[in-house]
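Next come the chains, spelled out residue by residue.
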Amino acid sequence: MAGDREESSTNELCRGPTWRVIFKLLAEIVSQRPRVVHFHISAGRNAPVILLMVAWAAFFSKTVLTIHSGSFPAYLKAVSRWRRFCFRRLFNTLDLCIGVSRQITDAIAESFPKVSCRYAVIPAFIAVPRKQKNTREKRDYIIASGYATKTYDWMCLLDAVEKTNGLKRLDMVFYNTYHSPYYEQVRARIREIKDLEIRMFNDLPQDVFQTLLLEADILVRPTLNDGDAVVIREALAAGLFVIASDAAVRPRGVHLFPTSDPDALAQCLDARASFPETEIPANEVDFSTPLLRALQALACIPGDVALENE
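Residues numbered from 1 in each chain as written. Predicted model: local features only at pLDDT ≥ 70, side-chain atom pairs only at ≥ 80, totals over all residues. Heavy atoms only, no water.

A closer look at unusual backbone geometry
Here is step 1: In this structure, the amide linkage connecting Ser-180 to the following residue, Pro-181, adopts the cis form with an omega of 5 degrees.
Here is step 2: Relative to the helices and strands, Pro-181 resides in the loop between strand E6 (169-178) and helix H7 (182-192).
Here is step 3: Look at Asn-176: it is not a glycine, yet its phi comes out positive at around 75 degrees.
Here is step 4: Positionally, Asn-176 belongs in strand E6.
Here is step 5: The backbone of Asp-203 sits at a positive phi, close to 50 degrees, despite the residue not being glycine.
Here is step 6: Structurally, Asp-203 can be placed in the loop between strand E7 (197-202) and helix H8 (206-215).
Here is step 7: On the basis of relative accessibility, which here comes to 46%, the residue Asp-203 falls in the partly exposed class. (Helix = DSSP H or I, 4+ residues; strand = E, 2+ residues; numbered from the N terminus. Buried < 20%, exposed > 50% of the residue type's maximum accessible area, 1.4 Å probe, protein only.)

Right, dumping it as C-alpha cells:
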C-alpha cells in the first residue's frame, strides 16, 4: 500500500491462515486509506477472493494488480463462466492492471476488449547494482531454479545434461511448491546420472541463492510456459550466460532452444564455449522507473507512464 510520499512502511501485516491475512489486509485498508493499493497474483486461480479484496480496496484507494504467471493466458481461456465473470468484474474495478509480459496483457485485451481498467507491460525486475562476474572460457557450471513442478520441465534439463560433454556441476534450486510424485521422480532421475555432480537445494534464502548464482557460469530455464522470469534478468545482470526454452518472450541476450526438446538443449549446451560475449546486455535494465511513474500517476503525483489501452 502506498500512502503519502513522506511515509513508507516495511512492516509485515500478518502471517497465518488465509482468512486472517485477508481480514487484516481489509481492515488496514480502511484504517490507513492509502492512495494506492497494489496487489500481486500468479495466475489468479482464486479470482473470486481477489475480486473481493480489490472491490473493497476500490472504495478507499486507487487499485493496481500485477499478474506474474506465464500460465495466465492459457488459464484465462479455460476458466469456468463463474470465474470468467469474476475476472471481468475485476478488470472493470481495477484502475490499472500490470502484466509482466505482453502475452498477459494481450490475453486480457482479447478476452475482455471493453473493460475499463488500463493496463501496461512492466517486467518484475528492479536491478541491484553488483559487480558483473568474469566469464569463464569453459562455462562448465550450471544453475537452474524454480518450483518442483512439471511446468519447469526438470526432466528435459536432466536428459540434456546427461547428453552434454564436459560439464562439471549442476545446481538445482527448488522452492515454494513441491508436487508429488513428480518431485520424487526428479530426485530419482538425478540419482541415475553418474558422470556429473548434481547438487539439490530447497527453499534457500535470497542471499544464499545469489551466492550460488554468482558461482555459476550458465543459467538454464527449461520451462513449459513463463511470465517474465526474474531469475533470467538477475543472471543476465550478473554476467551469466542464459539458456531458456522458447515458451515465452525472453530478454535480449538469452539463448533459446525449442520448448521441451532435450536434444536441442544438449546441442545448445555443447555450443556454450562459442556463445558470443557481446550478446550479454549490461546491467542497466531497471523497471522501477515505469512502475513508480504508474503509481505516481494514480496517486496524482507528478509523473507519467505509457499505458497500452489509452
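Text resumes after the structure shown.
Details of the sheet that holds strand E4 (residues 118-121)
Here is step 1: On the basis of which strands lie adjacent, the open sheet formed by 4 strands has the order E1-E2-E3-E4 and parallel pairing. Strands at the two margins of the open sheet, each flanked by one partner only, are strand E1 (36-41) and E4. Between one strand and the next, the sheet's axes are offset by a mean angle of 20 degrees, whatever the strand orientation.
Here is step 2: For strand E2 (residues 62-67) and strand E3 (residues 96-99), the ladder comprises 4 bridges, and the chain directions are parallel. (Pairing = 2+ DSSP bridges. Axes fitted to C-alpha atoms, helices over the stretch in contact; angles between N-to-C directions.)

Some remarks on the side chain of Arg-169
Here is step 1: Tracing the backbone shows Arg-169 in strand E6.
Here is step 2: The exposure class of Arg-169 is buried, given its relative accessible area of 11%.
Here is step 3: A polar contact is formed between the side chain of Arg-169 and the side chain of Asp-171, at a distance of 3.4 Å.
Here is step 4: Setting aside chain neighbours within four positions, we find Arg-169 in contact with Asp-140, Tyr-141, Ile-142, Leu-196, Glu-197, Arg-199 and Glu-215. (Polar contact = N/O pair within 3.5 Å; in protein donor to acceptor, adjacent residues only side chain to side chain. Contact = heavy atoms within 4.5 Å.)

Considering the confidence of the model for the protein
Do not read the fine detail of predicted coordinates wherever pLDDT is low.
Here is step 1: In the predicted model, the protein carries a mean pLDDT of 85, and 85% of its residues have values of at least 70.
Here is step 2: Looking over the protein, one finds the lowest element-wise mean pLDDT in helix H11 (residues 288-298), namely 84, and the highest in helix H6 (residues 154-162), namely 97.
Here is step 3: Note that residues 1-9 has pLDDT below 50 and, in this model, 14 contacts with residues that lie over four places away or in other chains. (pLDDT = per-residue confidence, 0-100.)

Quick word on the packing of aromatic side chains
Here is step 1: Taken as a whole and judged by the stated rule, the model has 13 aromatic pairs.
Here is step 2: For the ring pair Phe-87 and Phe-91, a centre distance of 6.1 Å and an interplane angle of 15 degrees mean the geometry is stacked. Taken together, the residues Phe-87 and Phe-91, both in helix H4 (residues 81-93) and 4 residues apart, mark about one turn of the helix. Phe-91 shares its class with Phe-87; the two are buried. (Phe/Tyr/Trp six-rings, centres within 6.5 Å; stacked < 30°, edge-to-face > 60°.)

Some thoughts on the pairing of strand E8 (residues 218-221)
Here is step 1: In E8, alternate side chains face the same way, and those of Ile-218 and Val-220 on one face and Leu-219 and Arg-221 on the other are all buried.
Here is step 2: Note that strand E5 (residues 141-148) and E8 share 2 bridges and pair parallel. Looking at E8, one finds that Ile-142 is bridged to Ile-218.
Here is step 3: With 4 bridges joining them, E8 and strand E9 (residues 241-245) adopt parallel strand pairing. In the strand pairing of E9, Arg-221 is matched with Ala-244.

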